[in-house]
There are 2 protein chains.
Amino acid sequence: MPNEDSAARRPRAVTIKHVAAEAGVSLQTVSRVINGGPNVRDTIKERVRAAIEKLGYVPSLAARRMGGTRSYVLLALNDRDRTIEGWRSGDGTDWVDQMMLGGMLECARHGYRMIVELVDTHSAHVERELGAALAALHPDGVILTPPHGDNPIITGMLTGRHIPFARIGSTGTGPGFAISMDDKRAAAAATEHLLAIGHRRIGFITGSDEYALSGARLEGYREAMHSAGLPEAPDLVARGDFTFASGAEATRSLLSLAERPTAVIASSDQMSLAALEVARSLGFEVPRDLSIISFDDTPIVKFSVPPLTAIRQPIAPMAACAAGLLIQAANGELAYDTPNVLPFELIVRGSTAAPS
Amino acid sequence: MPNEDSAARRPRAVTIKHVAAEAGVSLQTVSRVINGGPNVRDTIKERVRAAIEKLGYVPSLAARRMGGTRSYVLLALNDRDRTIEGWRSGDGTDWVDQMMLGGMLECARHGYRMIVELVDTHSAHVERELGAALAALHPDGVILTPPHGDNPIITGMLTGRHIPFARIGSTGTGPGFAISMDDKRAAAAATEHLLAIGHRRIGFITGSDEYALSGARLEGYREAMHSAGLPEAPDLVARGDFTFASGAEATRSLLSLAERPTAVIASSDQMSLAALEVARSLGFEVPRDLSIISFDDTPIVKFSVPPLTAIRQPIAPMAACAAGLLIQAANGELAYDTPNVLPFELIVRGSTAAPS
DNA sequence: CTGAAAGCGCTAACAT
DNA sequence: ATGTTAGCGCTTTCAG
C-alpha cells in the first residue's frame, strides 16, 4: 500500500498504481480499460471503473505522453505579431475566440487539450520557434490558421516530422487536411445579392495577396458579375490588405470614379467599417447612396450604424472540424483526403438596399 | 551514439542525451546548465550551450514534469457556460483575449505555457472538473478569473493541494494572490467626472452580486456623491446583473423616475449599450439628454454611436501580473502578500457631456 | 564542481 | 484474457 504523503509537501496524486491495487488487477489492465483496449472481461472492466470512480483517478497527460506515442495535445498556431496587434488594439476581431470555441470544445470531447501558440511566422525565426514548440509539446496535431497553411516552411517541417496538420483557409491539395469555406461562392453570393436588389456598378475591395482566399473571393465576384452579363470593369476592383487604412484608401478611390459604384463588397470587416466611415465623411449615406457587404462578420459589424450585411466565416466549425480530423488521424490512420468545405452564411443587415 | 530513426516513424527527437554526448559531459551537467543550477564551470557551461544551440535542443515539457517538481504550465480557469455563451453570441467581449495577451506573453518570457480551461463552476461538478484538470495537467499555478477567486470550493481545493493561485478581481485577504483594479476608486472617478461637468442627478446600475467588484463600484459611486454633498437617493440606484437585458430594464426604471437622472453609470458594457438603446428608443438623445459612462471598455463600446466614455479594466496587465507572481511562487518561495492593485483608466468619449 | 543511479506515471512489447 | 518487463526524457538524490 503506497504510503500517504509524508509529513508535508504535495499530497501524492492518485496514480494508476492506486487504481490497480484498489481493483486488485495489474497496471496494464487498468491502462487497457482507460484506453478502451481489447481483451478485458466485463467483470474486470467494471471493477476497474469502480476503482477509478472511487479514487477520482485521472491519468496524467505528461505521463501518458512519456510512456506512449500520443500527447493528447493539439497546437493551434497563430501569427504572433498579427494576433498581439489585434488584441492590443481591441479591434473587436474574435478569430482566436472562435477558434477556441470550436477547437477546445472538440478537443475536450476526446480528452485532448488545445494549446494556442504564437509564432513569428514572417522572419527566419519560424523554424526555430515552431521547432521549439513542437519539441517542447510534442503535439499530436497542429491547426494552421491562415495564411500558414500555405507556408511551405511550416508545412514542410510538419510533414517531415510526421505530425498531422490541418490547414484552415487553405484549399490546395497536398499534405494536411484542407479546411475552408467556399470563399469564391461566398463572394459570388454577396455579389448576386446586390445584383438581385438592382445594383449594377458594384465595387470590390480585395484582401492581402498573402492569403489564398483573397484571390478566391475576387474570382467569385468577377464570375457573378460576368454571369449577370456585365462587362469587365477593372476600375471597380480596388486593392486592399484587410486593414482599416487600406479599406479607407480603396473606398476613396472607388468613390472618386467618374461612374462611382452604388455598392461595394469589402474583403474584411475592418475594410468595410472604413468604407462606411469614408462614405459618410464624403457625404454619402449608407445604404441609400452606397450599399456595403462585409466579409467575416466579427462582432463589431453588428454594432456599427447601420449594422453591416456580411458573409459569416464559420471559424468555430472549421476549428472543430480541424480538431476532429487531427484527433482521428493521431489515433487510427486517416488520409489527407478530400478538402473539407464548410458552409458560409450571408447575413443581411442594414447596410444594403436597392440603389436610389 | 544514439542510432538514427530506424527506417520510418517519427524522427527521434533530440534529447538531453544527445546534447550531453555532443558536449562530452554528463546528463546532469546539461540539466544544470538548462536550469541555471550552480556549480558548473563557465567553460563547460559554454560548451553545453553550444551543443544545445547546434542541435537545436529544447527540453520536453512532459519529461520535465515527470522528472521534476514543476510542470511549466499555468492554468487559466474560466467559467464554461459564461465563456461559451460570450463566444457564441459574438457579443464583442474580449476577456479571454486580454487574458491571453497578458498571461501567455508573460508565461512565454519564462518558458511557461498558459492553458485555458473551461470549468462548470456553478453546479456540483466543480470539484470533479477542476480536480480532473489539476490531475491531468499538474499546473504550477492557477489563475482564477472573477468571480472564482471568491469561490471557497475552488480556493479550498487549490490550497489543499498546495497549488499557488491568483485571484483576479478579488480583493479579500486569505490565500491566493489578490489582483484587481481599484473598482471603488474607478466608480468614484466616473462619478466625479460627471459631477465636474455639472451633473447632479446621476444614476447607477449595479452588477451581479456574485461579483465582489459590484459592491465596490457601488460604494465608490455613493462616496463620490456623498463627498459632493449630495443627499442619498436610493431610487437612483438600479439593480443589474451585467447583461444587456438587465441594463435595459434598469435604464427604463431610472428614466421613468419623476426626477430622472441626467447621467447614468452602468457597471458593464452590455448594460451601457442597453442604456444607450433604451434612451434613444424613449426619445432621449445621448449625450444631450443623458450622459452614459460604461465599465470595462471592451471593443464594442468604441463602435457604438456615440462611442462610450468608459472605465477601462486592465485585464491584460492583471493577467500578466498573475502569471508573473505564480511563476515566482512556483520557483522560489513567495508569500501571498499584499493585494496587487493595478491602475484603471477613464477614457472619455462621446457619451458624456454637460447636462442641457 | 561533476557524474551515476533511481524513479516520476504511464504505455508498448512481450510473456503467460 | 491478464500480468511482467522495459523504457520514454528528464530531475532529484546521493557519491565522488
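Residues numbered from 1 in each chain as written. Chains lettered and ligands numbered in written order. Predicted model: local features only at pLDDT ≥ 70, side-chain atom pairs only at ≥ 80, totals over all residues. Heavy atoms only, no water.

### Structural notes on the interface of chain B and chain A
Item 1. Counting residues at the interface gives 49 residues for chain B, matched by 49 residues for chain A.
Item 2. Across the interface of chain B and chain A, roughly 4200 Å² is buried in total on both sides, 66% from carbon and sulfur atoms.
Item 3. Summed over the shared surface of chain B and chain A, the number is two salt bridges.
Item 4. Summed over the shared surface of chain B and chain A, the number is 12 residue pairs in polar contact (both at pLDDT 80 or more).
Item 5. Contributing elements (two or more residues each) for the side of chain B that touches chain A: α4 (61-67), α5 (80-89), α6 (95-109), β2 (113-119) and α7 (125-137) of chain B.
Item 6. It is α6(B) that provides the largest number of residues to the side of chain B that touches chain A, a total of seven residues.
Item 7. Tallied by class, residues from the side of chain B that touches chain A come to 30 nonpolar, nine polar and 10 charged. (Contact = heavy atoms within 4.5 Å. Buried area = accessible area lost by both parts, 1.4 Å probe. Salt bridge = Lys/Arg side-chain N within 4 Å of Asp/Glu carboxyl O. Polar contact = N/O pair within 3.5 Å; in protein donor to acceptor, adjacent residues only side chain to side chain. Helix = DSSP H or I, 4+ residues; strand = E, 2+ residues; numbered from the N terminus. Nonpolar A, V, L, I, M, F, W, Y, C, P; charged D, E, K, R; others polar.)

### Points about the sheet that holds strand β1 (residues 73-79) of chain B
All names here are of chain B.
Item 1. The strand order β2-β1-β3-β4-β5-β11 describes an open sheet built from six strands, whose pairing is parallel. The strands lining the two open edges of the sheet, one partner per strand, are β2 and β11 (340-342). Neighbour-to-neighbour, the strand axes of this sheet turn through a mean angle of 20°, independent of strand direction.
Item 2. Where strand β3 (residues 141-144) and strand β4 (residues 165-168) come together, three bridges link them in parallel fashion. Bridging across to β4, Leu144 finds its partner in Arg167. (Pairing = 2+ DSSP bridges. Axes fitted to C-alpha atoms, helices over the stretch in contact; angles between N-to-C directions.)

### Quick notes on the relation of the copies chain B and chain A
Item 1. When chain B is fitted to chain A, the best match, at an RMSD of 0.1 Å, comes from turning it 180° and sliding it 0.0 Å along the axis. Each copy turns onto its partner about a two-fold axis. Across chain B, the rotation axis passes nearest the C-alpha of Ala62(B), at a separation of 2.2 Å. (Least-squares fit on C-alpha atoms with pLDDT ≥ 70 in both.)

### Here's the deal with the environment of Ser268(B)
Residue and element names in this part refer to chain B.
Item 1. Looking at the secondary structure, you find Ser268 in the loop between β8 (263-266) and α12 (269-281).
Item 2. Overall, the relative accessible area of 4% leaves Ser268 in the buried class.
Item 3. Linking Ser268 and Thr206, residues 62 residues apart in sequence, is a C-alpha distance of 8.5 Å.
Item 4. Contacts of Ser268, omitting those with residues within four sequence positions, involve Phe242, Ser294, Phe295 and Asp296.
Item 5. Within the local environment of Ser268, its side chain forms a polar contact with the backbone nitrogen of Met271, the two atoms lying 3.2 Å apart. (Buried < 20%, exposed > 50% of the residue type's maximum accessible area, 1.4 Å probe, protein only.)

### Examining the pattern of salt bridges
Item 1. What the rule picks out here adds up to 38 salt bridges over all chains.
Item 2. Each of the salt bridges in this network shares a partner with another, and the network as a whole consists of Asp79(A), Arg82(A) and Glu210(A).

### As for the sheet that holds strand β10 (residues 309-312) of chain A
Residues and elements named next belong to chain A.
Item 1. Strand order in the open sheet formed by six strands is β7-β6-β8-β9-β10-β12, and the pairing between neighbours is mixed. Edge positions in the sheet fall to β7 (237-238) and β12 (345-347), since each of these pairs with one other strand and no more.
Item 2. The pairing of strand β6 (residues 202-205) with β7 spans two bridges and is classified as parallel. When the bridges of β7 are listed, Ile205 appears paired with Ala238.
Item 3. Packing against the sheet, helix α10 (residues 212-227) makes contact with β6, β7, β8 (263-266) and β9 (291-296), and its axis sits at approximately 165° to β6.
Item 4. Its contacts with the sheet put helix α11 (residues 244-255) on β6, β7 and β8, and the angle it makes with β6 is roughly 155°.

### A closer look at the protein's contact with DNA strand C
Item 1. As a matter of local geometry, DNA strand C sits amid 26 residues, with Ile16(A), Gln28(A), Tyr57(A), Thr29(B) and Arg41(B) nearest to it.
Item 2. A share of 61% is what sugar and phosphate atoms reach among the atoms of DNA strand C within 4 Å of the protein.
Item 3. A distance of 2.6 Å separates a base oxygen of DNA strand C from a polar atom in the backbone of Met66(B).
Item 4. Counting residues per element, the ones that place at least two in the surface near DNA strand C are α2 (27-34) and α4 (61-67) of chain A together with α2 (27-34) and α4 of chain B.
Item 5. The element contributing the most residues to the surface near DNA strand C is α4(A), with four residues.
Item 6. Within the surface near DNA strand C, the residues separate by chemical class into nine nonpolar, 13 polar and four charged. (Near = heavy atom within 4 Å.)

### With respect to the domain arrangement of chain A
Item 1. Under the domain assignment used here, chain A contains domain 1 (4-65), domain 2 (73-181 + 315-342) and domain 3 (183-313).
Item 2. Each of domain 1 of chain A and domain 3 of chain A has a C-alpha centre, and these two points are 58 Å apart. (Domains from an automatic or database assignment.)

### Looking at the side chain of Asp140(A)
All names here are of chain A.
Item 1. Assignment of secondary structure puts Asp140 in the loop between α7 (125-137) and β3 (141-144).
Item 2. Side-chain polar atoms of Asp140 contact the backbone nitrogen of Tyr72, separated by 2.9 Å.
Item 3. At 3.2 Å, the side chain of Asp140 forms a polar contact with the side chain of Tyr112.
Item 4. With residues up to four places along the chain from it excluded, the contact list for Asp140 reads Thr69, Arg70, Ser71, Tyr72, Val73, Leu74, Tyr112, Ile163, Pro164 and Ala330.

### Quick look at unusual backbone geometry
Item 1. The step from Pro146(B) to Pro147(B) runs through a cis peptide bond, and the omega angle for that step is 0°.
Item 2. Looking at the secondary structure, you find Pro147(B) in the loop between β3 and α8 (152-160).
Item 3. Residue Pro306(B) is bonded to the preceding Val305(B) through a cis peptide linkage, with omega at -5°.
Item 4. Its location among the elements puts Pro306(B) in the loop between β9 (291-296) and β10 (309-312).
Item 5. Phi is positive for Tyr72(A), which is not a glycine, with a value near 60°.
Item 6. Mapped onto the elements of the fold, Tyr72(A) is located in the loop between α4 and β1 (73-79).
Item 7. Relative accessible area serves as the criterion here: at 9%, Tyr72(A) is assigned to the buried category.

### Brief notes about the packing of aromatic side chains
Item 1. Under the criterion given, the structure shown has 10 aromatic pairs over all chains.
Item 2. Plain terms: the ring middles of Phe177(B) and Tyr336(B) are 4.8 Å apart, the flat faces sit at 90° to each other, and that makes the pair edge-to-face. Residue Phe177(B) is located in strand β5 (residues 177-181), and its partner Tyr336(B) is located in the loop between α13 (315-330) and β11; the two are separated by 159 residues in the primary sequence.
Item 3. The rings of Phe165(A), Phe177(A) and Tyr336(A) are connected pair by pair, giving a single aromatic cluster.
Item 4. The ring of Tyr72(A) carries the charged tip of Arg64(A) above its face, separated from the ring centre by 4.1 Å. (Phe/Tyr/Trp six-rings, centres within 6.5 Å; stacked < 30°, edge-to-face > 60°. Lys NZ or Arg CZ within 6 Å of the ring centre and 35° of its normal.)

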